[in-house]
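Below, each chain spelled out in residue letters.
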Amino acid sequence: MYGLVNQGIQGLIIDNYGADIWEKIKEKAGFSNVTFLASQLYDDSVTFTLASTASEILGVSLENVLKDFGKYWVLNIGKEKYGTLMKSGGDSIIQFLKNLPNFHSRVMLIYPKAETPEFKVDIISENKIHLHYYSSRIGLTDFMFGLIDGLSIFFDAPCSVNHLKHTETDTTYDLFEITVQ
Ligand code: HEM
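As the structure is a prediction and not an experimental result, all values here were calculated from the model.

**A few points about the pairing of strand E4 (residues 172–180)**
Of all the 9 residues making up E4, 9 are buried; the element is thus mostly covered by neighbouring parts of the structure. Burial along E4 is two-sided: Thr172, Asp174, Phe176, Ile178 and Val180 facing one way and Tyr173, Leu175, Glu177 and Thr179 facing the other are all buried. Both strand E2 (residues 128–135) and E4 contribute to a ladder of 8 bridges, which runs antiparallel. Opposite Ser135, over in E4, you have Thr172 as the bridge partner. Pairing between strand E3 (residues 159–168) and E4: 9 bridges, direction antiparallel. The partner of Cys159 across the bridge, within E4, is Val180. In sequence, E3 turns back onto E4 through a hairpin of 3 residues.

Next up, the structure:
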């Protein structure tokens, strides 16, 4: 994945736990001399190793590291660094989710080699949607929960999320039912 993602983990750790802890995590993960660059491609294993080492050192489950990262991605990276892009997705969470299938095609204008997830959306009612998530990777379902949580805070729209389906082989499929309260 692009270094932007590893920089995101770096930001999450530094903002919440401090630079010394980040250095410890980087060292234990085997990347002490690496400076992550946003537009450089890194093997996916780098991202997964950083997340699992953070989990070990912080004593926080991997599930919660990924959820916190999803939330941070929307509320810090998305909102602060890609505000215009986030705004282009819509004015409400339902509108944003409806537009999500096209969202990463705009991301690809900036990061053309990104291997982004695919989304499909079914409108169930005015305040309820089914969000289908398809990824060529495995292990990022909890990241998705954090992203949805982040969007709910971003749009100030409390939501309940039901996890209706989960399939993980060498790819991942999840179905989330999102109801805006
Ligand atoms: C401005 C905001 C966003 C930017 C700049 C962005 C950009 C990216 C980039 C660069 C990647 C890495 C892909 C790669 O390098 O191969 C990625 C992955 C991903 N993005 Fe986004 N994204 C944004 C918002 C979102 C939102 C709102 C969602 C969903 C609600 C989302 C879901 C994901 C997921 C789940 C992945 C992990 C890859 C996978 O599942 O296979 N992103 N995104």
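Additional details are given in the paragraphs that follow.
**Side note on the site of the ligand**
The ligand sits among 26 residues. The nearest are Tyr2, His104, Glu115, Tyr133 and Ser135. Tyr2 places a polar main-chain atom, nitrogen or oxygen, 2.8 Å from an oxygen atom of the ligand. Within the contact set of the ligand, an oxygen atom lies 2.8 Å away from a backbone nitrogen or oxygen of Glu115. With respect to the detected pockets, the ligand is housed in the largest pocket. Only helix H1 (3–17), helix H4 (62–81), helix H5 (83–88), helix H6 (93–110), E2 and helix H7 (141–154) provide two or more residues apiece to the shell around the ligand. With 5 residues, the single largest contributor to the shell around the ligand is H6.

**A word on the pattern of salt bridges**
What the rule picks out here adds up to 5 salt bridges. Among the salt bridges present, the one from Glu56 reaches Lys28, with a minimum N-O distance of 2.6 Å. One end of the pair, Glu56, is in helix H3 (residues 44–58); the other, Lys28, is in helix H2 (residues 19–29), and 28 residues separate them in sequence. Judged by its relative accessible area of 53%, Glu56 is exposed. A salt bridge links Asp122 to Lys120; the shortest N-O distance between them is 3.7 Å. Assessed through its relative accessible area of 27%, Asp122 is described here as partly exposed.

**A few points about the sheet that holds E4**
With respect to topology, 4 strands assemble into an open sheet ordered E1-E2-E4-E3, the strand pairing being antiparallel. Two strands in the sheet have a free side with no partner beyond their single neighbour: strand E1 (118–125) and E3. Going across the sheet, the axis of each strand differs from the next one's by a mean of 15°, ignoring polarity. The sheet strands contacting H6 are E1, E2, E3 and E4, and the helix crosses E1 at an angle near 155°.

**Some details on empty space enclosed by the protein**
Scanning the entire structure with this criterion turns up 1 cavity of 30 Å³ or more. Volume-wise, the largest cavity comes out at about 70 Å³. Lining the largest cavity, in full, are Met1, Val5, Ile9, Thr47, Phe48, Ala51, Leu66, Phe69, Leu140 and Phe143. It is H3 that provides the largest number of residues to the lining of the largest cavity, a total of 3 residues.

**Focus: unusual backbone geometry**
Here the phi dihedral of Asp156 falls at roughly 50°; this positive angle occurs in a residue that is not glycine. For Asp156, the location among the structural elements is in the loop between H7 and E3.

**Describing the packing of aromatic side chains**
A full pass over the atoms with the stated rule returns 11 aromatic pairs. Note on Phe145 and Phe176: the rings are 5.2 Å apart at their centroids and 90° apart in plane angle, and the pair reads as edge-to-face. Of the two residues, Phe145 sits in helix H7 while Phe176 sits in strand E4, which places them 31 residues apart along the sequence. The class for Phe145 is partly exposed, based on a relative accessible area of 22%. Among the aromatic residues, ring-to-ring pairing joins Phe96, Phe103, Phe154 and Phe155 into one connected group.

Calculation notes
- Residues numbered from 1 in each chain as written.
- Predicted model: local features only at pLDDT ≥ 70, side-chain atom pairs only at ≥ 80, totals over all residues.
- Heavy atoms only, no water.
- Buried < 20%, exposed > 50% of the residue type's maximum accessible area, 1.4 Å probe, protein only.
- Helix = DSSP H or I, 4+ residues; strand = E, 2+ residues; numbered from the N terminus.
- Pairing = 2+ DSSP bridges.
- Near = heavy atom within 4 Å.
- Polar contact = N/O pair within 3.5 Å; in protein donor to acceptor, adjacent residues only side chain to side chain.
- 1 Å grid on protein atoms, 1.4 Å probe; cavity = no way out; pocket = protein on both sides within 12 Å on 5 of 7 lines; lining within 4 Å.
- Sits in = over half its atoms within 2 Å of the grid points.
- Salt bridge = Lys/Arg side-chain N within 4 Å of Asp/Glu carboxyl O.
- Axes fitted to C-alpha atoms, helices over the stretch in contact; angles between N-to-C directions.
- Contact = heavy atoms within 4.5 Å.
- Points joined across faces, edges and corners; volume = space filled by probe spheres on them.
- Phe/Tyr/Trp six-rings, centres within 6.5 Å; stacked < 30°, edge-to-face > 60°.

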